[in-house]
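Chain and residue survey
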Amino acid sequence: MNTLPLLRYVIAGQLRRNFIITPKGKVLLDVPGGSLLYTATGMAVWETGIGLIGRVGEDFSQEWLASIARHGMDIRGIHILPESVDLRYFSAYSNGGMTAENPVSHFARLGIPYPKNLLGYAPPSVVIGSRTRPGLLTIRQNDFPSDYLDATAAHLCPLDFLSHTLMPSVLRRGHIQTLTLDPSTSYMNPTFWDDIPVLLNGLTAFLCSEEKLQSLFQGRSTD
């Protein structure tokens, strides 16, 4: 029986089923991905003792979760919902850029049959987040074990607004000394202008792209 390292870090984010066409035309079909896994993998290069927090449907690969655990990560904070959740995500690199649009055309361009596992897939659209209505993937307080609060640092990957407003207050009840957050495009827009200062309160770092900042400041500043 494997013994997990002492939990020192907590990461909250999303897991995905990725379908990717790389810049060199290599096709990766239905592979594990998502902000949670990518962030945790990057941290694992330097550190151990990482606890993961996220939500997946009952149709998410149990073998993938087992593989993540075998690599020394604590998956007790991955809450499995009693229903299917579409976590598919497509992206392709073409003409020097990345796009998540029109997957059919990219497979046709390469002369590759369209994957059956992508049938019915619709690229995610950017929607304005809700301040009051939780979604299926909104992180709840009881989603992760109480001993996760014994960690000393936490990072919140892009999630919905409710997850990002709830989790910092919960994590601060424990021993978290360092708290960083990467905001979501769903609320980095002018309608959430007055909410951002509250979100920033108590953070060690707010890791935001220029594109998201431009969206937030739309109509106020182009500097």
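Residues numbered from 1 in each chain as written. Predicted model: local features only at pLDDT ≥ 70, side-chain atom pairs only at ≥ 80, totals over all residues. Heavy atoms only, no water.

**Considerations on helix α4 (residues 161-171)**
- Within α4, eight of the eleven residues are buried, which leaves it mostly tucked inside the rest of the structure.
- Buried within α4 are the following residues: F161, L162, S163, H164, M167, P168, V170 and L171.
- Contacts made by the buried residues of α4 are with β1 (9-12), β4 (50-56), β8 (153-156), β9 (178-181) and α5 (196-200). (Buried < 20%, exposed > 50% of the residue type's maximum accessible area, 1.4 Å probe, protein only. Helix = DSSP H or I, 4+ residues; strand = E, 2+ residues; numbered from the N terminus. Contact = heavy atoms within 4.5 Å.)

**Comments concerning the pairing of strand β2 (residues 16-21)**
- Taken across its six residues, β2 has five buried, putting it largely inside the fold.
- Where β2 lies against strand β3 (residues 27-33), five bridges are found, and the strand directions are antiparallel. Counted as the bridge partner of R16 is G33 from β3.
- In textbook terms, the turn of a hairpin is the stretch between consecutive antiparallel strands, and for β2 and β3 this stretch comprises five residues, one of which, G25, has a positive phi near 85°.
- Where β2 lies against strand β6 (residues 88-94), five bridges are found, and the strand directions are parallel. Paired with I21 across the two strands is A92, which belongs to β6. (Pairing = 2+ DSSP bridges.)

**Observations concerning the sheet that holds strand β7 (residues 97-99)**
- One open sheet holds the four strands; their spatial order is β3-β2-β6-β7, and the pairing between them is mixed. Two strands bound the open sheet, and with one partner strand each, they are β3 and β7. The sheet shows a mean angle of 25° between the axes of neighbouring strands, direction not considered. (Axes fitted to C-alpha atoms, helices over the stretch in contact; angles between N-to-C directions.)

**Observations concerning the packing of aromatic side chains**
- One pass over the structure, following the stated rule, counts eight aromatic pairs.
- Taking 4.9 Å as the distance between ring centres and 55° as the angle between the ring planes, the aromatic pair formed by F161 and F192 counts as tilted. In this pair, F161 sits in helix α4 while F192 sits in the loop between β9 and α5, placing the two residues 31 residues apart along the sequence.
- Here F161 falls in the buried class, since its relative accessible area comes to 6%.
- Geometrically, the ring pair formed by Y187 and F192 is tilted, given 6.1 Å between the ring centres and 55° between the ring planes. No difference in accessibility class separates Y187 from F192, as the two residues are buried.
- Put simply, the rings of F90, F107 and Y114 touch in pairs and so form one group of aromatic residues.
- The side chain of R131 reaches across the aromatic face of F192, ending 4.1 Å from its centre. (Phe/Tyr/Trp six-rings, centres within 6.5 Å; stacked < 30°, edge-to-face > 60°. Lys NZ or Arg CZ within 6 Å of the ring centre and 35° of its normal.)

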